[in-house]
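Letter by letter, the chains look like this.
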Amino acid sequence: MKIGYPCINRSIGCTANSTFRLANYSETNLLEKVSNNLDCLIKILKYNLDNNLLFFRISSDLIPFASHQICKFNWQDYFKERFREIGDFIIENEIRISMHPDQFVLINSNKEDVIKRSIEDLKWHCKVLDLMRLNKTAKVQIHVGGVYGDKNSAIEKFIDSYTKLPHFIKKRLVIENDDKSYSLKDCLSVSKKTGAPVVFDSFHHSCLNNGESASEAIKLVKNTWKKQDGIPMTDYSSQAPNERAGKHAPHIDIENFSKYIRETRESDFDIMLEIKDKEKSALKAIALIKNS
DNA sequence: AGTTGTCAAGCTAGT
DNA sequence: ACTAGCTTGACAACT
């Protein structure tokens, strides 16, 4: 079991998700930001290694506007060696990597243009992981998408788009249950048709479910991860106290986390902590696991 | 230097 | 028909 946190480290004084406005797009700006982001990424990974945090989500801002039509620069070639070095570090130290394109990436949209741009976005995410030479255990996770008033046909649309994806995307794409539209059960049925592994998000599951306990849920998703995909990736968070239902907690609720670990102890899986204070909570989680 | 408004992209629910 | 909220940090323009 590996523990990690997404995208940002708040202790080491740099960010690997620095970006700029579209209005200020220039090759110079892009080069500067990407270069800075890659430098910081390796620093974060080193910090993580020192602290036994072996799961990390790389920010979608790593290459700003990578899939936007404005970007004509061949960053793949220009930063080839840097990607390779970072990849070597990841592989040597057996760090698990994920990426999570944001809410705009929808392969089941009823607008062809949205699907097209989403695929372009998935392409660059997968390209980065390929340039790092990471194996199939490095994943790119998305939600199933919109419902458009008819979930069955929206799922059909997802399956149809998925089937047409190039192999280098398919080998990395995994789907995550969300808190409003697509439950774990929905994701499992999509997985059955597509073969895409399912990322279990425990917090979303607490918002939207069909009565499955956490330990049942983990066992169910486990079957969707083949040997080459690695052990299941999962997302964990808890409800922010006194806030709207579905809002992520600012700090880890260690009681809640401890209970989750106890309930699911018979399975091995990696945990991404989607908590606002990032590595701070991840360190607490690591300490808890060590002592349990 | 510190503060505040704004940012490429879509969907859903609520008015 | 329209908009706020999602979830969010960081850029950029303003004090």
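Refer to the structure above for everything that follows.
Keep in mind that what you see is a predicted model, and the values were worked out from it rather than measured.

A.B. asks: Please explain the environment of Phe-79 as it appears in this structure.
C.D. replies: Here Phe-79 lies in the loop between helix H2 (75-78) and helix H3 (80-92). For the pair Phe-79 and Leu-38, spaced 41 residues apart in the sequence, the C-alpha separation amounts to 9.0 Å.

A.B. asks: Looking at this structure, how should I read a positive patch on the surface?
C.D. replies: Together, Arg-10, Lys-180, Arg-244, Lys-247 and Lys-276 make up a region of like positive charge exposed at the surface. Tracing the sequence through the fold places Lys-247 in the loop between strand S7 (233-236) and helix H10 (254-263). Given a relative accessible area of 35%, Lys-247 falls into the partly exposed group.

A.B. asks: Just checking my understanding: could you explain the state of the cysteines for this structure?
C.D. replies: What is meant by a disulfide is a covalent connection between two cysteines, made through their sulfur atoms. Taken as a whole and assessed by the stated rule, the structure comprises 1 disulfide. The side chain of Cys-14 participates in a disulfide bridge whose partner is Cys-40; the two sulfur atoms lie 2.0 Å from each other. Between Cys-14 and Cys-40 the disulfide shows an S-S torsion of about 85°. By sign, it is right-handed. Pair noted here: Cys-14 is in the loop between strand S1 (3-6) and helix H1 (27-50) and Cys-40 is in helix H1, with a separation of 26 residues, a long-range link. We note that Cys-14, like Cys-40, is buried. Left without a disulfide partner, Cys-187 is nearest to the cysteine sulfur of Cys-207, which lies 14 Å away.

A.B. asks: Where do I start with the protein's contact with DNA strand B in this structure?
C.D. replies: Near DNA strand B you find 17 residues, and of these Arg-21, Leu-22, Leu-106, Val-147 and Tyr-148 are the closest. At the protein interface, 45% of the atoms of DNA strand B within 4 Å belong to sugar or phosphate. The contact in question runs from a base oxygen of DNA strand B to an N or O atom on the side chain of Arg-21, over 2.8 Å. Between Val-147 and DNA strand B, the recorded distance is 2.2 Å, taken from a backbone N or O atom to a phosphate oxygen.

A.B. asks: Mind showing me how you'd approach the pattern of salt bridges here?
C.D. replies: Should the charged atoms of two oppositely charged side chains come close, the side chains can pair. Following the criterion strictly, the structure yields 15 salt bridges and no others. Linking Asp-113 and Arg-117 is a salt bridge whose minimum nitrogen-to-oxygen distance equals 3.1 Å. In this pair, Asp-113 and Arg-117 both sit in helix H4 (residues 112-131), 4 residues apart, roughly one turn of the helix. Residue Asp-113 is classed as partly exposed on the basis of its relative accessible area of 43%. Among the charged side chains, a network of salt bridges with common partners joins Asp-39, Arg-82 and Glu-85.

A.B. asks: Which parts of the structure should I look at to understand the protein's contact with DNA strand C?
C.D. replies: Neighbouring residues of DNA strand C: 14 residues in total, closest Ser-18, Thr-19, Arg-21, Asn-24 and Arg-244. Of all atoms in DNA strand C that approach within 4 Å of the protein, 83% are sugar or phosphate atoms. A distance of 2.6 Å is found between a phosphate oxygen of DNA strand C and a side-chain nitrogen or oxygen belonging to Ser-18. Here a phosphate oxygen of DNA strand C sits 2.3 Å away from a polar atom, N or O, in the side chain of Asn-24. For the surface near DNA strand C, the per-class residue count stands at 2 nonpolar, 7 polar and 5 charged.

Definitions and limits used
- Here the residue numbers are simple positions, counted from 1 along each chain's written sequence.
- Chain letters start at A and ligand numbers start at 1, both assigned in the order the entries are written.
- pLDDT decides what is reported in this predicted model: residues at 70 or higher carry local features, side-chain atom pairs at 80 or more are listed and counted, and totals for whole chains, interfaces and linings draw on all residues regardless.
- Hydrogens and waters are ignored; side-chain quantities use all the structure's heavy atoms.
- Secondary structure follows DSSP: runs of H or I at least 4 residues long count as helices, runs of E at least 2 residues long count as strands, and numbering of each begins at the N terminus.
- Exposure above 30% relative accessible area and no salt bridge define the residues that can form patches, which grow by joining like charges within 9 Å and nonpolar side chains of Val, Leu, Ile, Met, Phe, Trp and Tyr within 5 Å.
- Per-residue and other accessible areas follow the Shrake-Rupley method at a 1.4 Å probe size, with only the shown protein chains counted as cover for residues.
- Salt bridges, as used here, are contacts in which a Lys or Arg side-chain nitrogen is within 4 Å of a carboxyl oxygen on Asp or Glu.
- A positive count includes Lys and Arg, and a negative count includes Asp and Glu. His and the chain ends are not counted in either.
- Lys charges are placed at NZ, Arg charges at CZ, Asp charges at CG and Glu charges at CD.
- The buried label applies to any residue whose accessible area, calculated with a 1.4 Å probe on protein chains only, is under 20% of its type's maximum; exposed applies above 50%, and partly exposed to all values in between.
- Throughout, disulfides are identified as pairs of cysteine sulfur atoms within 2.5 Å of each other.
- Nearness of a residue to a molecule or strand requires only that one of the residue's heavy atoms be within 4 Å of it.
- Polar contact criterion, stated in full: a pair of N or O atoms within 3.5 Å, where within protein one must be able to donate a hydrogen and the other to accept it, and residues adjacent in sequence count only if both atoms are side-chain atoms.
- Any residue that is not Ala, Val, Leu, Ile, Met, Phe, Trp, Tyr, Cys, Pro, Asp, Glu, Lys or Arg is counted as polar, Gly included; the first ten are nonpolar and the last four charged.

None of the figures reported here should be taken as evidence of function without further support.
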